[in-house]
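Residue-level structure breakdown
Chain residues, written in single-letter form:
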Amino acid sequence: MRKVKFVIGVLAIVCAVLSIFFILSSEKALVTHPKGIIADGELSVIITNYLLMSIIILPTFIFLLVIAWKYNAKNAKAEYDPEHTGGVRGELILWIIPSVVIVIMTFVTWKATHELDPYRPLKSEIDPLRIQVVALDWKWLFIYPEQGIATLNFVQFPAGVPIHFSLAADGSPMNSFWMPQLSGQIYAMTGMVTPLHIMAYETGEYTGRAAELNGRGYAGMTFLAKSTSQSDFEDWIIAVKQSPLRLTDQVYNNLVAPSEDNPIMLYSHVEENLFNKIVMKYSGLN
Amino acid sequence: MENFLSGKLSLEELPQHWYTVGGTAFMLITGILIVILLKKTKRWGWLWNEWLTSTDPKKIGTMYMIFAALMFFRGMVDVGMMWVQQSFAADSRGYLTSDHFQQISTAHGDIMVFFVTMGFFFGLMNWIIPLQIGARDLAFPFMNSLGFWLTAAGGLLINFFFMIGGEFANTGWIAAAPFSELEFNPGVGVDYLIWSLQLSGLGSLLAGINFTVTIIKKRAPGMTLMKMSLFVWTSLCGMILVISVFPVLTATTFLLWLDRVFSMHFFTTGGGGNQMMYWNLIWMWGHPEVYILVLPAFGMFSEIVATFSQKKIFGYVSMVCAAVSITLLSYLVWLHHFFTMGAGADVNSFFGIVTMFIAIPSGVQVFNWILTMYKGRVIFASPMYWVIGFICIFMIGGMAGVLQASPPADFQVHNSLFLIAHFHSMIIGVALFGIFAGVNYWFPKIFGFKLNERLDKQAFWFWLVGFFVSFIPLYLLGFMGAPRRLDHYALSTGWQPLFITSTIGFFLIVCGIITQVWQIFVSIKEKKQHLDRTGDPWNGRTLEWATSSPPPFYNFAVIPTITSHEEFWSMKKRGISIQKHYEDILLPKNTGMGIYISGIAFVVGFALVWQVFWLALLGLFGVVACIIILSLDENREYVLPKAKVAEIERMR
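For clarity, every value in this text was computed on a predicted model and none was experimentally measured. (Residues numbered from 1 in each chain as written. Chains lettered and ligands numbered in written order. Predicted model: local features only at pLDDT ≥ 70, side-chain atom pairs only at ≥ 80, totals over all residues.)

**Points about the overall build of chain B**
Operational definition: Strands are runs of DSSP state E lasting at least two residues, helices are runs of H or I lasting at least four, and both sets are numbered from the N terminus onward. In this treatment the radius of gyration is a C-alpha quantity, and the globule benchmark scales as 2.2 Å times the residue count to the 0.38 power. Exposure is read from a count of other C-beta atoms within 10 Å of each residue's own; the residue is exposed at 12 or fewer, buried at 20 or more and partly exposed in between. C-beta atoms are placed from the backbone. For every residue pair, C-beta atoms are placed from the backbone, and the pair is scored as a contact if these atoms sit within 7 Å.
Of regular secondary structure, chain B possesses 20 helices and two strands. On C-alpha atoms alone, chain B measures out to a radius of gyration of 25 Å, which is about the 26 Å that the 2.2 N^0.38 rule sets for 652 residues. Overall, chain B is about 70 × 60 × 45 Å in size when its C-alpha atoms are taken along their principal axes. Residue burial in chain B is summarised as follows: out of 652 residues, 59% are buried. Of the contacts made within chain B by residues no fewer than 6 positions apart, 83% connect residues no fewer than 24 positions apart.

Okay, structure coming up:
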């Protein structure tokens, strides 16, 4: 009976590990299938850290099982020394082993944190495309200041070009902006601007969403990010310019009012300086 | 401030929804049943004199445990509702509205942290700390009673919205501003959260002060700091954290309340408020809080491993250093809860690296537990099962934690279900497993008979398997881009099968909980077969096993002089038993003041939720009056003459 249970247990663990790998390798696992330079860097930090930790964790696991097995009270043959301790030297060694790994990890962390800092512009010969993002209850507004257009719950940009997002919110609670395949999260806050630099490797459609609880419409606060070729992007700009919708003050004020599950909208015109106005509205004691 | 007399209260606030009517009916029926039972058995006086007004830490500990178990039931129902919703809500809205779902997740978090985990730990500390340090009671017996009753008042208030108001905060358990501001949350839900945390936070603070002073001042002669058992050490560390950070919680939530009621602008989006300040303040409390929840468990595991390995703990000094360094480091890491706020690479790296340092003492502890078993004779009694399960989960959860300490990795998993899986590994795998191990280990000491071990082992397997089936999918869902607190999602995300798997795991855990309840029933029924007559059922090492099981209400007839951190083990080795030169014992009298003050405090909390300011003011005067009356009473202790002690000891 014990043996049967043991075999079932081992089989269950093997199945679990296999299905973990299966799930992580499927395309649905967005974090493990990065399509942009930042998300790629973040994934390699995750992998490096896991590997470094495994140096200690795996042997400890085996050690735990072996010792629990061997020094089981039923095993009368095992050595028994109730006063056994490691002494000062033994205890020091136990402090040194994890310290070494952690010190290595601190260097990795320091370097990666600076390299993948959302504030840091990406190195590229191409000038970055600037896109301003405003988190509203419960939708995302994207403004292209240089192109003079705006979009709702949809953002398009060329692949291989660095994108410089500036994020803010207009009176809504704290929001987290997340496109798992392109970059990790950054908060969009009222009265403040947070930057995010990303670059997509290849063309494709990626999901983005709000990741910080902000009320009724939280689950529906998603958007589509589309990376295309440079020429497709330019064609798209021209097409949006033809759109009959214009982001006037009145339209914008309607957007600020809470609404859920908004469809994609394309605006051919946006008031100049709208983003700055949104941010500055909250500065000072008004 | 709508109405001077009734504030925001009106008849419309009575239960209307199926869940508020259900909750109210459940609470009322339970209350009526208890009253009928007490009336039939004529146990009113017994309940009042022996339990409710008691200042005996063992009894207050038991009351903490019962209270925490009741709240655990509430938190469990909450999580079941959430998981069922998430299993069905692919391309549909499920059976809960978004708002209701978010309220449930907030209540689940607050209840499990403040009332369940902390309640169980305060219960275990009340049981064991005085016994382990050779004290007869706590430093402030009345304050102990008051602390418990304030926590209970907070627990009642957090459930009171079922009866009046009908809504709880939908903000997440930390009541994150600015979402918790009036602008976004005009109802009374957030106020219920604030005032129940104010009451229970005050209770925790009083308990923290009490245990710290007790451990510092009331140790038996000869027990220097380095001769304290490890559970006492880690509890001391936890309680010092309580004293230093709970005032931050009180102040922060109070400022939030001022924002909401008096239109101040501490954390608002406009008017010069600073929302990021709230996040800093709440996590300055919130991160140490995490260690308040796990440190006492670390100490328990150390005791249990040593006892059942029948061997000295490996590296006592290391264990103490580890606990103290975790305590100190826990103050310096709060920012890792919001790397994504955009603090910049230097600040983020600093907090990330300090967080990683916590892995060093944690790793040392794991090594020490394993090495304690090395060259031991490990008896796999049921508490040992929980320890092994804990070490496995702790390593997996700890890896996830250190991973998130790295800001770039955190950007991807922050706010995702990966994070949820990580901290549930810590709260369930460390804190709850520690509590279950501790209850099974110390139950015979407090009640005089062992719990059924076979059922405990069954419960353990349900919990362990259920835990992995529930939370491994959540780790994966995080990598699939699923954020936390999501009430519905698109089918195309491919998350649904994993949510369903998680829910199956939840039901396995429920089977574990049912087994545990059944275990207690069976053990009480079979009490006679499992009586512990020696006072030392496990061949224990620390001082609590030196007295009888259950201990007399004064704990020790003669307080021993301590020579080692495993005093009872060295007594057994040297063949010494405690001398029998009895002396008069000074003991605290029972007092109902804890209940009165907490009852009035509950009314104050309720009045402030509904902005009935005259009632709140009246209540505050009542509290002050109670304290003055109490302080005028000079006969709060009594002397148990030595003849009586000798008689009680002879009868045993």
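**Quick word on the overall build of chain A**
Check the secondary structure of chain A and you find six helices and 13 strands. Across its three principal directions, the C-alpha atoms of chain A cover 85 × 45 × 40 Å. Relative to its full complement of 286 residues, chain A shows a buried share of 40%. Restricting the contact set of chain A to residue pairs at least 6 apart, pairs at least 24 apart contribute 72%.

**Here's the deal with the interface of chain A and chain B**
The test is simple: Amino acid classes used here: Ala, Val, Leu, Ile, Met, Phe, Trp, Tyr, Cys and Pro are nonpolar; Asp, Glu, Lys and Arg are charged; the rest, including Gly, are polar.
The interface is formed by 78 residues belonging to chain A together with 76 residues belonging to chain B. Among the elements of the structure, helix 1 (2-25), helix 2 (37-70), helix 3 (87-115), strand 7 (183-188) and strand 9 (204-210) of chain A are those that each provide at least two residues to the side of chain A that touches chain B. Per-element accounting of the side of chain A that touches chain B gives the leading share, 15 residues, to helix 2 of chain A. Among the residues forming the side of chain A that touches chain B, the class breakdown is 44 nonpolar, 24 polar and 10 charged.

**A few points about helix 10 (residues 345-357) of chain B**
Convention followed: The length a helix should cover is 1.5 Å for every residue beyond the first.
Its 13 residues place the ends of helix 10 of chain B 18 Å apart at the C-alpha level, agreeing with the 18 Å of an ideal helix rising 1.5 Å per residue. Among the residues making up helix 10 of chain B, those that are buried are A345, N348, S349, F351, G352, I353, T355, M356 and F357 of chain B.

**Quick look at the sheet that holds strand 9 of chain A**
Residue and element names in this part refer to chain A. The cut-off we apply is this: DSSP-based pairing: two strands are paired if at least 2 bridges between them are found. Axes here refer to lines fitted to C-alpha atoms; in helices the fit is confined to the stretch in contact. Angles between the N-to-C directions go from 0 to 180 degrees.
Ordered in space as 4-10-9-6-7, the five strands form an open sheet in which the pairing is mixed. Lying at the two open borders of the sheet, with one neighbouring strand each, are strand 4 (154-158) and strand 7. Going from strand to strand, the sheet's axes swing by 20° on average, the running direction of each strand aside. Here strand 9 runs beside strand 10 (residues 222-228); their pairing, made up of six bridges, is antiparallel. Bridging across to strand 10, G204 finds its partner in S227.

**Let's talk about the sheet that holds strand 12 (residues 265-267) of chain A**
Residue and element names in this part refer to chain A. In space, the six strands of this open sheet follow the order 8-5-1-2-3-12, with mixed pairing throughout. Among the strands making up the open sheet, the edge pair consists of strand 8 (194-198) and strand 12. Sheet twist, expressed as the average angle between the axes of neighbouring strands with direction ignored, equals 20°. In this structure, strand 1 (residues 129-136) lies alongside strand 5 (residues 163-169), joined through seven bridges in parallel fashion. Note that in strand 5 the partner of I131 across the bridge is F165.

**Some details on the domain arrangement of chain B**
Reports often express the size of an interface as the amount of accessible area lost when the parts come together. Residue and element names in this part refer to chain B. Cut-off, in case you're wondering: Reported domain spans reflect what an automatic or database domain assignment gives.
Assigned domains of chain B: these are domain 1 (1-42) and domain 2 (43-591 + 636-651). The interface is formed by 13 residues belonging to domain 1 together with 10 residues belonging to domain 2. For the side of domain 1 that touches domain 2, a count of residues per class yields four nonpolar, six polar and three charged.

**Notes on the packing of helix 12 (residues 382-404) of chain B against helix 15 (residues 453-479) of chain B**
Residue and element names in this part refer to chain B. Which entries qualify depends on this criterion: Working rule for angles: under 35 degrees goes down as roughly parallel, over 145 as roughly antiparallel, 65 to 115 as roughly perpendicular, anything else as oblique.
Look at helix 12 against helix 15: their axes get within 9 Å of each other, and the N-to-C directions meet at 10°. Classified by the interaxial angle, the pair formed by helix 12 and helix 15 is roughly parallel. Two secondary-structure elements touch here, helix 12 through S382, Y385, W386, G389, I393 and A400 and helix 15 through E453, D456, K457, F460, L464, F467 and Y475.

**A look at the pairing of strand 4 of chain A**
Each regular strand shows side chains that alternate between the opposite faces of the sheet. Residues and elements named next belong to chain A. Counting buried residues along strand 4, four of its five residues qualify, which places the element largely inside the surrounding structure. Sheet topology note: the strand 4/strand 10 ladder contains five bridges and is parallel. Looking at strand 10, one finds that F157 is bridged to S227.

**A closer look at the domain arrangement of chain A**
All names here are of chain A. We note that the domain assignment places domain 1 (34-115) and domain 2 (129-280) within chain A. Centre-to-centre separation of domain 1 and domain 2, based on C-alpha positions: 43 Å. Domain 1 puts seven residues into the contact, and the matching count from domain 2 is 12 residues.

**Quick look at unusual backbone geometry**
Geometrically, the link from D137 of chain A to W138 of chain A is a cis peptide bond, its omega value of -10° lying close to zero. Topologically, W138 of chain A is positioned in the loop between strand 1 and strand 2 (139-144). A cis geometry characterises the amide bond from S549 of chain B onward to P550 of chain B, with omega recorded as -10°. As for its position among the elements, P550 of chain B is in the loop between helix 16 (496-525) and helix 17 (567-574). Residues other than glycine seldom take positive phi values, yet N153 of chain A does so here, at roughly 55°. In this structure, N153 of chain A sits in the loop between strand 3 (149-152) and strand 4. With a phi close to 70°, N273 of chain A is a non-glycine residue in the positive phi region. Owing to 10 C-beta atoms within 10 Å, N273 of chain A belongs among the exposed residues under this scheme.

**What about the environment of R130 of chain A?**
All names here are of chain A. Mapping R130 onto the fold places it in strand 1. Here the alpha-carbon distance between R130 and V108, two residues 22 residues apart in the chain, equals 30 Å. Excluding residues within four positions of it along the chain, R130 makes contact with P145, E146 and H164.

**Some details on the nonpolar core**
Applied cut-off: For the purposes of this analysis, a nonpolar core is taken to be any set of buried Ala, Val, Leu, Ile, Met, Phe, Trp, Tyr and Cys residues that are connected through C-beta atoms within 7 Å.
Membership of the largest hydrophobic core comes to 286 residues, with the highest contact counts inside it found for V133 of chain A together with Y192, V294, F301 and V387 of chain B. What V387 of chain B contacts, discounting residues up to four positions off in sequence, is F301, I304, V305 and A437 of chain B.

**A word on helix 7 (residues 230-262) of chain B**
Here is the rule we go by: Two axes enter the bend calculation: one fitted to the seven residues ending at the residue in question, the other to the seven starting there, and the bend is the angle between them.
Look at helix 7 of chain B: 47 Å from first C-alpha to last across 33 residues, which is about the 48 Å you get at 1.5 Å a residue. Taking the largest bend as the criterion, helix 7 of chain B deviates by roughly 35°, centred on V245 of chain B, and proline P247 of chain B comes between one and four positions later.

**Description of the packing of helix 3 of chain A against helix 10 of chain B**
Where we set the bar: Each crossing is labelled by how the near helix is turned from the far one, with a counterclockwise turn of less than a right angle marking it left-handed and a clockwise turn marking it right-handed.
Contact pair helix 3 of chain A / helix 10 of chain B: the axes reach a minimum separation of 9 Å and the direction vectors enclose 160°. Taken together, the axes of helix 3 of chain A and helix 10 of chain B lie roughly antiparallel to each other. Note on packing geometry: the crossing formed by helix 3 of chain A with helix 10 of chain B is right-handed. Together, I102, M105, T106, T109, W110, T113 and H114 of chain A of helix 3 of chain A and A345, N348, S349, G352, I353, M356 and F357 of chain B of helix 10 of chain B make up the contact between the two elements.

**Overview of the environment of V402 of chain B**
Position of V402 of chain B among the secondary structure elements: in helix 12. A C-alpha to C-alpha distance of 7.4 Å links V402 of chain B and T355 of chain B, two positions 47 residues apart in sequence. Other than its neighbours up to four places away in sequence, V402 of chain B contacts N49 and M53 of chain A together with M356 and A359 of chain B.

**Things to note about the environment of A73 of chain A**
Assignment of secondary structure puts A73 of chain A in the loop between helix 2 and helix 3. With 16 C-beta atoms packed within 10 Å, A73 of chain A lands in the partly exposed category. When near neighbours in sequence (up to four residues on either side) are disregarded, A73 of chain A contacts R377, V378 and I379 of chain B.

**Some points on the pairing of strand 5 of chain A**
Residues and elements named next belong to chain A. The buried fraction of strand 5 amounts to five of the seven residues, a majority that puts the element mostly inside the structure. Note that strand 5 and strand 8 share five bridges and pair antiparallel. Counted as the bridge partner of S166 is P195 from strand 8.

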